[in-house]
Amino acid sequence: MNRHRRPPRSGTQEERRARTRTRLLDATMQCLVDLGWAGTSTTEVARRAGVSRGAQQHHYPTKMELVTAAMEHMLERQRLAFEQAFAVLPAQRRNVEGALDLFWNVVRQPPALALMELAMAARTDNELRPVCIDLNQRVLEVIQDTFRRLFPDAALPDELEETMLRSMFALFVGLSLQNSLDGDEHGHQRAVITQIKSIAAVLIPPASPRSPGS
């Protein structure tokens, strides 16, 4: 019997690398949420991911490379969050109120908060700005796709639909920023969303939404 035989490793080398990268990208997202752009460092990311600094530098040699990859990771996480929330939304909630509640829930989750942190930091960081220059547009495209699946028969003119969704996105980003500070202790964000639901119900006629798989 060979007493020196190593225990079998789980997965292929590429699978192990993928898991390490995912841990690093998730840790970057959480650092951005907890510590902000200024407090996010490769050292802290490696610590939270449970990997060595050498492993972190092997996959992402610089902070900017790490954050660029993390941004793509977070955009995908946010897209999946919308898809999963849409998939479990009951048929009777596939209306304006349900759509706004869905969006409000997603924009307060870590992927959205981390992306918002990057967007704000890019305003004054010349190195980060080119990475984030189209960030808002890419998030908007995810929202637009979700809206069209929720309301396939809305028949709004393209320019009105885009402007309306862009306005909603800007509003909810502002509300989520306030929420991250006070947790809506006084109900101000809730009051705004209630009012927006009333306005949106007039702009968007009732639709016959498709099933989650369509």
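Residues numbered from 1 in each chain as written. Predicted model: local features only at pLDDT ≥ 70, side-chain atom pairs only at ≥ 80, totals over all residues. Heavy atoms only, no water.

Asker: In this structure, what is going on with the side chain of E44? I would like to understand it.
Answerer: Residue position: E44 is located in helix α2 (residues 42-49). Those residues in contact with E44 that lie beyond four places of it in its chain are C31 and L35. (Helix = DSSP H or I, 4+ residues; strand = E, 2+ residues; numbered from the N terminus. Contact = heavy atoms within 4.5 Å.)

Asker: What should I look at first to understand the nonpolar core in this one?
Answerer: For soluble globular proteins, the rule of thumb is that nonpolar side chains tend to be buried together. Formed by 56 residues in total, the largest nonpolar core has its most connected members in L118 and L128. Per element, the largest residue contribution to this core is 9 residues, and it comes from helix α4 (residues 63-87). If sequence neighbours within four positions are ignored, L118 has contacts with L32, W37, V67, M71, M74, L128 and C132. (Core = buried A, V, L, I, M, F, W, Y, C linked by side-chain atoms within 4.5 Å. Buried < 20%, exposed > 50% of the residue type's maximum accessible area, 1.4 Å probe, protein only.)

Asker: I'm lost on the packing of helix α5 (residues 96-106) against helix α9 (residues 158-182) in this one. Help?
Answerer: Axes are the key here: two packed helices are described by the angle between their axes and the distance separating the axes. As a packed pair, α5 and α9 sit with axes 10 Å apart at the nearest point and diverge in direction by 50 degrees. One finds that α5 runs oblique with respect to α9. Read as a crossing pair, α5 and α9 show a hand that is right-handed. Residues L100, F103 and W104 of α5 touch α9, and the partners they reach there are M168, F169, F172, L175, S176 and N179. Along the lines of polarity and charge, the residues of the contact of α5 with α9 split into 7 nonpolar, 2 polar and no charged. (Axes fitted to C-alpha atoms, helices over the stretch in contact; angles between N-to-C directions. Parallel < 35°, antiparallel > 145°, perpendicular 65-115°, else oblique. Left-handed = near helix turned anticlockwise from the far one by under 90°. Nonpolar A, V, L, I, M, F, W, Y, C, P; charged D, E, K, R; others polar.)

Asker: Teacher, can you tell me more about the pattern of salt bridges here?
Answerer: Charged atoms that come close allow side chains of opposite charge to pair. One pass over the structure, following the stated rule, counts 15 salt bridges. Taking the shortest distance from any N to any O, the salt bridge between E44 and R47 comes out at 2.7 Å. Taken together, the residues span about one helical turn, with E44 and R47 both in helix α2 at a distance of 3 residues. D101 is paired through a salt bridge with K197; the nearest N and O atoms lie 2.7 Å apart. Of this pair, D101 sits in helix α5 while K197 is found in helix α10 (residues 188-203), placing the two residues 96 residues apart along the sequence. When its relative accessible area of 29% is taken as the criterion, D101 is described as partly exposed. Take K197: its relative accessible area is 16%, and that puts it in the buried class. Look at the salt bridges and you will find they share partners, linking D34, E44, R47 and R48 into a network. (Salt bridge = Lys/Arg side-chain N within 4 Å of Asp/Glu carboxyl O.)

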